[in-house]
Amino acid sequence: MEDEIFKIIAAEMAGEKVTEEERGKVERWRVEKEENERVYRMVVGELGEVVRLVKAKGGLDGEGAYMRLEEEMRRRIVERSGKRESGRGKARRMAWWRYGASVAGVLLMLGVGMMMWMKSGGDGEKVTEERIVPGSGQVMLTLGRGEVVPLKRDTNELIVADTALRIMNERNTLVYMKVESKGKAEDVVYNTLTVPVSGEYCLVLADGTKVFLNSGSEIRYPAMFRGKRREVFLKGEAWFEVAKDSTRGFWVHAGEMNVKVLGTSFNVKAYEKLGTVATTLVEGCVEIVCEGKNFRIVPGEQFVYDKDSRESDVREVDTELYTSWKDGYYKFRQAALEEIMTTLSVWYGLNVFYQNEDAKHIEFTGKVKRYEDVRNLLNKFEQTENVVFDIKGNNVVIRVK
């Protein structure tokens, strides 16, 4: 019971979302007895000091720093308890220290924005390792007439300007602007935006819909929407904020899924190499057509289709776990290592191999900034579970110790 309580406390102080039910468990535990309240106040105080201590030191250098952190917490708790090491006082102090160490471990697991120091070699000199960070692969725009335009990041550039349409590249965002024209309507012209592995890009369609494309993704769309339907075609993953238009529905065609909306915010994940396609809804309401069946989901729900079994499922989820990538980080909660590494491989361009089948099913909780060296996260995993990551270039071999 205590372990669960302290994980909830640590998670909340680490910036994780905590449910009302979890908060209720903590409150009930606090009022059960006076000692629980004293322990709660002490651990919260110590956890705050741990965060400040880690920030002051600039991070942790793996096991050695963690041991120093434990020692510092032990010293502080011993000093605060003010008990003699005998009888019941000694037992209580040891129990309090166990709680503090548990919180420190959870704190490490959750990350709390810690940066790993470079590990020192046996002779005291620092050993440099090649960083594995997202690259800056070239984003390409293919216009309807076949012209391919490389898009430059952090620059403003006019791509197309005619009597009906303007296309601007505005600092990592491709913007389509319809120009009022009294001429006759032209045929629908499709453009394609391609984002390489380790890249990302934003797109504003002519109707005002915003699209945030993830690594290794491609979207095909009309330069201007005409007719009664707004339709786009996606490979990979994208976040959509659809502009409302009561007269024209918006459709996303992604693998086996066809997602229909009027105005909403949702995430679509449909990488060709993955075994599933999924839609996660944050706001509004969407209808999904898949394998001849219709599904309607509401905010907080996710639709998943398994390509192998051809089975569909609608379930309640923490949407942040599936949409946090657009905000600059990945978040995992009790996720299988295979699922985590699949996500990271798309962003970091990793080739992942498993020496032990059991390693795929080890579960982790944590966060990683999208532009952080992936070694930081893998080092944290090694500290919390019996697993080893052997990294050579962009190849990662995973084995159980």
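Above: the structure in question.
Residues numbered from 1 in each chain as written. Predicted model: local features only at pLDDT ≥ 70, side-chain atom pairs only at ≥ 80, totals over all residues. Heavy atoms only, no water.

*Asks:* How do you make sense of the layout of surface pockets when you look at a structure like this?
*Replies:* Taking a probe equal in size to a water molecule and rolling it over the atoms shows the remaining empty space. Roughly 920 Å³ of volume is contained in the largest pocket. Along the wall of the largest pocket there are 34 residues; nearest its centre are Lys269, Arg315, Tyr322, Glu339 and Thr343. Counting only elements with at least two residues in the lining of the largest pocket, the list comes to strand S13 (265-270), strand S14 (276-283), strand S17 (301-306), helix H6 (320-323), strand S19 (329-336) and helix H7 (337-348). Looking at the lining of the largest pocket element by element, the count peaks at 7 residues for S19. Looking at the lining of the largest pocket residue by residue, the classes come out as 15 nonpolar, 11 polar and 8 charged. (1 Å grid on protein atoms, 1.4 Å probe; cavity = no way out; pocket = protein on both sides within 12 Å on 5 of 7 lines; lining within 4 Å. Points joined across faces, edges and corners; volume = space filled by probe spheres on them. Helix = DSSP H or I, 4+ residues; strand = E, 2+ residues; numbered from the N terminus. Nonpolar A, V, L, I, M, F, W, Y, C, P; charged D, E, K, R; others polar.)

*Asks:* Explain the packing of aromatic side chains to me, please; I cannot follow it from the model alone.
*Replies:* For any pair of aromatic rings, the description rests on two quantities: the centre-to-centre distance and the angle between the ring planes. Summed over all chains, the structure comprises 10 aromatic pairs. Aromatic side chains Phe212 and Trp325 sit 5.1 Å apart centroid to centroid with 40° between the ring planes, which places their arrangement in the tilted category. Here Phe212, found in strand S8 (residues 210-213), pairs with Trp325, found in the loop between H6 and S19; they are 113 residues apart in sequence, far enough to count as distant. What makes Phe212 buried here is its relative accessible area of 14%. With a centroid separation of 6.5 Å and an interplanar angle of 20°, the aromatic rings of Tyr330 and Phe332 are classed as stacked. Here Phe332 falls in the buried class, since its relative accessible area comes to 6%. Through successive ring pairs, a cluster of aromatic residues spans Phe225, Phe240, Phe250 and Phe266. Just above the ring of Tyr190 sits the side chain of Arg220; from NZ or CZ to the centre is 4.1 Å. Positioned above the aromatic ring of Tyr329, the side-chain terminus of Lys367 is 5.3 Å from the ring centre. (Phe/Tyr/Trp six-rings, centres within 6.5 Å; stacked < 30°, edge-to-face > 60°. Buried < 20%, exposed > 50% of the residue type's maximum accessible area, 1.4 Å probe, protein only. Lys NZ or Arg CZ within 6 Å of the ring centre and 35° of its normal.)

*Asks:* Got a minute to help me understand the side chain of Asn191 in this structure?
*Replies:* By secondary structure assignment, the location of Asn191 is in strand S6 (residues 190-195). Among the polar contacts listed, one links the side chain of Asn191 to the side chain of Tyr176, at a separation of 2.7 Å. For Asn191, the contacting residues outside a window of four places in its chain are Leu141, Thr142, Leu143, Gly144, Ile167, Tyr176, Ile219, Arg220, Tyr221 and Ala223. (Polar contact = N/O pair within 3.5 Å; in protein donor to acceptor, adjacent residues only side chain to side chain. Contact = heavy atoms within 4.5 Å.)

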